[in-house]
Amino acid sequence: MADPVPERMELEFDTVAGWTGHAVAELGDDHAEPAACRGSASPAGLDWLAARCGLRPGDLLADVGGGTGGPAAYARRTTGAAPVVIDPMPAACRAAATMFGLPAVVGGGDALPLATASVRACWNLGVLCTVRDKAAVLAEAHRVLRPGGSLGLLVFVADRPRPPGAPDGNLFPARTAVHELLAAAGFARTAEVALTELPPAPAAWRQRIDRVESVLDRDHGDDPRFAAAQEQSRRIGALIADGVVEGRLLHATAR
Ligand SMILES: C[S@@+](CC[C@H](N)C(=O)[O-])C[C@H]1O[C@@H](n2cnc3c(N)ncnc32)[C@H](O)[C@@H]1O
């Protein structure tokens, strides 16, 4: 059984994720990818991951905790890979299917609905810091990957699991703990970079995110669920800006 998702996280990853699909329907398809990349990976970060994973047309890519499908859609468009989104939040999966026509399955990262040794690449972007049992999620990624298959990670790390001001539900691993967890799950690390070492998202990408945010604010600004989800995002944004939490991209292969 996947860990229960704390209520505020559910608001951010399910309720608001579903509303995002409606905002994109109003603003146009070119807003879908920026709005649906909710793990803070920019195009440069996704390009870095896709290149390290060697994604090619037709490669099956399991995007675990794939949310509303932005990274998966970006990978499909830029590499021709064939992604499937797996996420415990039903509204997020519906949004991924509606916005991008992606196969999206409701499920937890510790019990993937995929056969053993069946996928070429697995992504797990902004997910490890939201789950308690990180070892179980990595073990399950290892199970579904073919030997030599690629794991792409975006992990938010910190010196302690819950620094002051942490969003509800987040448990940040230390950087060294991520390395140890990967090795214990049977992965060999091949590359790692801080998000801050890569170029920021282009202005047009950020403007589209801002427009989607404006529509959400217009339609749901008075809704306490929206305020709670915004507070979650604000908190992690502040910790990243202060250098307390750092986003890191990693590539590893299944031994
Ligand atoms: C910060 S969001 C990132 C979404 C997406 N990967 C992206 O980069 O846009 C974290 C995601 O992890 C999902 N999640 C939470 N608990 C999970 C679990 N036990 N297994 C898999 N995914 C989980 C949430 O539903 C949410 O979609």
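Quick caveat, the model's predicted, so the values are computed rather than measured.

**As for the overall build of the protein chain**
Stage number 1. Summing up its helical and strand segments, the protein chain has 9 helices and 7 strands in all.
Stage number 2. For a compact globule of 255 residues, the expected C-alpha radius of gyration is about 18 Å, and the protein chain comes in at 17 Å, within 12% of that figure.
Stage number 3. In terms of overall dimensions, the protein chain has C-alpha extents of about 50 × 40 × 35 Å along its principal axes.
Stage number 4. Within the structure as shown, the protein chain displays about 10900 Å² of accessible surface, and the carbon and sulfur contribution to it stands at 53%.

**Remarks on the packing of helix α3 (residues 43–53) against helix α4 (residues 70–79)**
Stage number 1. Between α3 and α4, the least distance of the axes is 10 Å, while the angle of their chain directions is 65°. For the crossing formed where α3 meets α4, the hand is right-handed. Side by side, α3 and α4 meet where P43, L46, D47 and A50 of the first sit next to P71, Y74 and T79 of the second.
Stage number 2. Among the residues forming the contact of α3 with α4, the class breakdown is 5 nonpolar, 1 polar and 1 charged.

**Structural notes on the side chain of D59**
Stage number 1. With respect to the secondary-structure elements, D59 resides in the loop between α3 and β1 (60–64).
Stage number 2. Discounting residues that sit within four places of it in the chain, D59 has contacts with G54, A81, A82 and R120.

**Here we look at the site of the ligand**
Stage number 1. Around the ligand there are 19 residues in total, and R38, G65, D87, G109 and L125 lie nearest to it.
Stage number 2. One of the side-chain nitrogen or oxygen atoms of D87 is found 2.6 Å away from an oxygen atom of the ligand.
Stage number 3. For the shell around the ligand, the per-class residue count stands at 9 nonpolar, 8 polar and 2 charged.

**Examining the pairing of strand β7 (residues 246–254)**
Stage number 1. The buried fraction of β7 amounts to 7 of the 9 residues, a majority that puts the element mostly inside the structure.
Stage number 2. With 7 bridges joining them, strand β6 (residues 187–194) and β7 adopt antiparallel strand pairing. Across the sheet, residue V193 finds its bridge partner in β7, namely L249.

**Concerning the UniProt feature "domain: Methyltransferase type" (unreviewed entry) in the protein chain**
Stage number 1. In the UniProt entry, the feature "domain: Methyltransferase type" (unreviewed entry) is given for residues 63–151.
Stage number 2. With 36% helix and 28% strand, the stretch residues 63–151 has end C-alpha atoms that lie 10 Å from each other.

Quick notes on the rules
Residues numbered from 1 in each chain as written. Predicted model: local features only at pLDDT ≥ 70, side-chain atom pairs only at ≥ 80, totals over all residues. Heavy atoms only, no water. Helix = DSSP H or I, 4+ residues; strand = E, 2+ residues; numbered from the N terminus. Rg over C-alpha atoms; globule rule 2.2 N^0.38 Å. Areas by Shrake-Rupley, 256 points an atom, 1.4 Å probe, with all protein chains shown as cover. Axes fitted to C-alpha atoms, helices over the stretch in contact; angles between N-to-C directions. Left-handed = near helix turned anticlockwise from the far one by under 90°. Contact = heavy atoms within 4.5 Å. Nonpolar A, V, L, I, M, F, W, Y, C, P; charged D, E, K, R; others polar. Near = heavy atom within 4 Å. Polar contact = N/O pair within 3.5 Å; in protein donor to acceptor, adjacent residues only side chain to side chain. Buried < 20%, exposed > 50% of the residue type's maximum accessible area, 1.4 Å probe, protein only. Pairing = 2+ DSSP bridges. UniProt positions renumbered as here; feature names shortened; annotations may be inferred.

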